[in-house]
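# Per-entry structural report
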Amino acid sequence: MRKIVAFDFDGTLTNKDSLLEFIRHVRGTTALWCAFLRYVPILVLMLLKCYPHGKAKEKIFSYFFKGMSINEFNAVCQQFAASHRHLLRPKGVAAIEEAQAAGAAVVIISASVDNWVQPFFPTVKVLGTQIEVRDGLLTGRFLTENCFGQEKVNRLLAVYPDRADYHLTAYGDSQGDRELLAFADEAHYKPFRL
């Protein structure tokens, strides 16, 4: 039977949230804090489950990146991955390498934007939140649903639809991974913590 190994990115393979670190990398710490203060009401509503997580994230993403060219965005994504390898958990990287060496299909399923996740793992299929681009510029909107919760299962099934044909191992660390972990044959919750 085919083996598929699915990993969450933020918190599972990394030791920090990559969205915040990416914003800090591109725009600086002061801009990050100013945006945090601007969006406190929405963030509080999101934490209270009164405002959709994906919509809050999209507003923050739009604030920082709407109007940027896709070429510039992809370039800063590459720079971010190259200069932030320290965010990766060594045990997580080792687990990916072991799964690949064993011949498993490896996939990272993340609520983070796939443009900055993919450069960390160029040989791994990444199913992340995708961004909308028009005329070469970021619109600030997401092209797909925020890849969180049930959407992680949906995205996996879109690529690997014949569920009876594979054994699924999943790694995750948060409520956004619960559905994926429940869907797996073998689930690992917070597996790479020290």
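Residues numbered from 1 in each chain as written. Predicted model: local features only at pLDDT ≥ 70, side-chain atom pairs only at ≥ 80, totals over all residues. Heavy atoms only, no water.

Bringing helix 4 (residues 53–65) into the picture now. Here helix 4 contains 13 residues, and its C-alpha end-to-end distance of 18 Å stays within 8% of the 18 Å for a straight helix at 1.5 Å per residue. Within the span of helix 4, buried status applies to G54, A56, K57, E58, I60, F61, S62, F64 and F65. Trailing helix 4 by a residue or two, G67 shows a phi angle of about 95 degrees, which is positive. (Helix = DSSP H or I, 4+ residues; strand = E, 2+ residues; numbered from the N terminus. Expected span 1.5 Å × (residues − 1). Buried < 20%, exposed > 50% of the residue type's maximum accessible area, 1.4 Å probe, protein only.)

Here we take up helix 3 (residues 40–47). Within the span of helix 3, buried status applies to I42, L43 and M46. In a view along the axis of helix 3, the buried residues occupy a sector of 100 degrees, so they form one face of it. In helix 3, the exposed positions angled more than 90 degrees off the buried face are occupied by P41 and L47. (Arc of directions from axis to C-beta.)

Before going further, it helps to spend a moment on the pattern of salt bridges. Counted under the stated rule, the structure contains 7 salt bridges. Residue E132 pairs with R141 through a salt bridge whose shortest N-O separation is 2.8 Å. Owing to a relative accessible area of 13%, E132 belongs among the buried residues under this scheme. Among the salt bridges present, the one from D177 reaches K152, with a minimum N-O distance of 2.6 Å. You can see D177 sitting in the loop between strand 6 (166–172) and helix 9 (178–183) and its partner K152 sitting in helix 8 (residues 150–159), a full 25 residues away along the chain. (Salt bridge = Lys/Arg side-chain N within 4 Å of Asp/Glu carboxyl O.)

Attention shifts here to the pairing of strand 4 (residues 131–134). Examined bridge by bridge, strand 4 and strand 5 (residues 137–142) share 3 bridges and lie antiparallel to one another. Note on strand 5: the bridge partner recorded for I131 is F142. (Pairing = 2+ DSSP bridges.)

A few words on the packing of aromatic side chains. In total, this model carries 18 aromatic pairs according to the counting rule given. Ring centres 6.4 Å apart and planes at 25 degrees place the aromatic pair F7 and F192 in the stacked group. Here F7 is found in strand 1 (residues 2–7), whereas its partner F192 is found in the segment after strand 7 (186–189), with 185 residues between them in sequence. Residue class for F7 comes out buried when judged on its relative accessible area of 0%. Residue classification places F192 among the buried positions, given a relative accessible area of 8%. Both rings, one in F22 and one in F73, keep their centres 5.6 Å apart while their planes meet at 80 degrees; by these two values the pair is edge-to-face. Placement of F22 in helix 1 (residues 18–27) and of F73 in helix 5 (residues 70–83) is noted, with a sequence separation of 51 residues between them. (Phe/Tyr/Trp six-rings, centres within 6.5 Å; stacked < 30°, edge-to-face > 60°.)

Attention shifts here to the packing of helix 1 against helix 4. Two quantities define a packed helix pair, namely the angle between the axes and the distance from one axis to the other. Look at helix 1 against helix 4: their axes get within 11 Å of each other, and the N-to-C directions meet at 10 degrees. Relative to helix 4, helix 1 is oriented roughly parallel. The handedness of the crossing between helix 1 and helix 4 comes out as left-handed. Listed contacts from helix 4 to L19, F22, I23, V26 and R27 of helix 1 are K57, I60, F64 and F65. Residue composition of the contact of helix 1 with helix 4, grouped by class: 7 nonpolar, no polar and 2 charged. (Axes fitted to C-alpha atoms, helices over the stretch in contact; angles between N-to-C directions. Parallel < 35°, antiparallel > 145°, perpendicular 65-115°, else oblique. Left-handed = near helix turned anticlockwise from the far one by under 90°. Contact = heavy atoms within 4.5 Å. Nonpolar A, V, L, I, M, F, W, Y, C, P; charged D, E, K, R; others polar.)

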